[in-house]
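Here are the chains, one letter per residue:
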Amino acid sequence: MGEWGFLSSLLDAVQEHSPMVGRFWLVVMLLFRILVLATVGSDVFEDEQEEFVCNTQQPGCKPVCYDAAFPISHYRFLVFHVVVLSAPAALFVIFAVHQAAKPGRGGAPGQRARRLQPFYVGSVVARIAAELGFLLGQALLYGFRVQPLFVCRRRPCPHRVDCFVSRPTEKTVFIHFYFVVGLVSALLSLAELAHLLRKGPPARPGRCHRPQERDPAPGGAAEGPHPRGDLTV
């Protein structure tokens, strides 16, 4: 959990610059992705290759069939997914800290937020692109169901070989859960981007308009209502 703790601390630093929708995305990322993957995902997929059994003793046949069934390990694919999703936010935090450490670049909080907002919007766009790309990759590589039987016809297998996947139902449920979490995360990121674009950059301080004062009347006396008096003929 040490490496996940370091990644969580980097993501937690982003919430200082995030709107409320971005903080919801952060909760989904920390709880339903990092925590679930670190505690449950490793147990589900730890025996993925060891328990991949084929009905042949031909040397080299089992590794070739496993490579055909799973071009990338499920667990490594999901870990790489989390790392790529966290990279834009982590780079933004590093950039924000670097800008705050520059002499004369601190300024008021409103000025810092105005300077950093374009870079934060860019990190959200990069996050959305990574999210949609990995969702598409997951659908193309694995589909939405782990089949219990994989038929292999690759060399050096001498003939058709039947290979069996361990715990296919449990892995299918986990893949469905992770795909739904990815859709929710993508929708939250799109909502955050729409909120940032609609809100625009923060208003510059010191631009408030004062009400205009009337110029005093000629002679230095202020204009005012004339007292009513008796008219003389």
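The structure we're discussing is the one just above.
Residues numbered from 1 in each chain as written. Predicted model: local features only at pLDDT ≥ 70, side-chain atom pairs only at ≥ 80, totals over all residues. Heavy atoms only, no water.

Novice: What's the story with the state of the cysteines in this structure? I'm lost.
Specialist: What makes a disulfide is a covalent bond joining the sulfur atoms belonging to two cysteines. Counted by the stated rule, this structure contains 3 disulfides. Note on cysteine connectivity: Cys54 is disulfide-linked to Cys163, with sulfurs 2.0 Å apart. Disulfide Cys54-Cys163: the torsion about the S-S bond is 105°, which places it as right-handed. Taken together, the residues Cys54 in strand β1 (residues 53-54) and Cys163 in strand β3 (residues 161-164) connect sequence positions 109 residues apart. Summarising the burial analysis for this pair, Cys54 and Cys163 share the class buried. One disulfide bridge connects Cys65 with Cys152, the sulfur atoms lying 2.2 Å from each other. Of note, the bridge from Cys65 to Cys152 carries an S-S torsion of about -85° and is left-handed in sense. With Cys65 in helix α3 (residues 61-69) and Cys152 in strand β2 (residues 149-152), the pair connects residues that are 87 residues apart, well separated along the chain. (Disulfide = S-S within 2.5 Å. Helix = DSSP H or I, 4+ residues; strand = E, 2+ residues; numbered from the N terminus. Buried < 20%, exposed > 50% of the residue type's maximum accessible area, 1.4 Å probe, protein only.)

Novice: Please clarify how the pairing of β3 should be interpreted in this entry.
Specialist: Looking along a regular strand, one sees side chains alternate from face to face of the sheet. In this structure, β1 lies alongside β3, joined through 2 bridges in antiparallel fashion. The partner of Cys54 across the bridge, within β3, is Cys163. In terms of strand pairing, β2 meets β3 through 4 bridges, oriented antiparallel. The residue bridging Cys152 from the neighbouring strand is Val161, located in β3. (Pairing = 2+ DSSP bridges.)

Novice: Looking at this model, I keep getting lost on α3. Mind explaining?
Specialist: Residues lying three or four places apart along an α-helix face the same way, a consequence of the helix completing one turn every 3.6 residues. Regarding α3, the residues found buried are Cys61, Cys65, Tyr66 and Ala69. Projected down its long axis, α3 carries its buried residues within an arc of 125°, all on one side. Contact partners of the buried residues in α3: β1, β2 and β3. (Arc of directions from axis to C-beta. Contact = heavy atoms within 4.5 Å.)

Novice: When you look at the environment of Val165 in this model, what are you seeing that I'm missing?
Specialist: Counting through the fold element by element, Val165 comes out in the loop between β3 and α6 (168-199). Residue classification places Val165 among the buried positions, given a relative accessible area of 11%. The sequence separation of Val165 and Asp47 amounts to 118 residues, and the corresponding C-alpha distance is 9.7 Å. Setting aside anything within four residues of it in sequence, one finds Val165 in contact with Phe52, Phe70, Val146, Gln147, Pro148 and Lys171.

Novice: Which parts of the structure should I look at to understand the sheet that holds β1?
Specialist: The strands making up a sheet associate through hydrogen bonds between their backbones, and the pairing can be parallel or antiparallel. In space, the 3 strands of this open sheet follow the order β1-β3-β2, with antiparallel pairing throughout. Bordering the open sheet on either side are β1 and β2, each of which pairs with just one other strand. Sheet strands in contact with α3 are β1, β2 and β3, and its direction is about 115° off that of β2. (Axes fitted to C-alpha atoms, helices over the stretch in contact; angles between N-to-C directions.)

Novice: Got a minute to help me understand the side chain of His74 in this structure?
Specialist: You can see His74 is positioned in helix α4 (residues 74-101). Overall, the relative accessible area of 4% leaves His74 in the buried class. A distance of 2.7 Å separates polar atoms of two side chains, one belonging to His74 and the other to Glu48. When near neighbours in sequence (up to four residues on either side) are disregarded, His74 contacts Phe45, Glu48, Tyr142, Val146 and Ile175. (Polar contact = N/O pair within 3.5 Å; in protein donor to acceptor, adjacent residues only side chain to side chain.)

These values are about where atoms sit, not about what they do.
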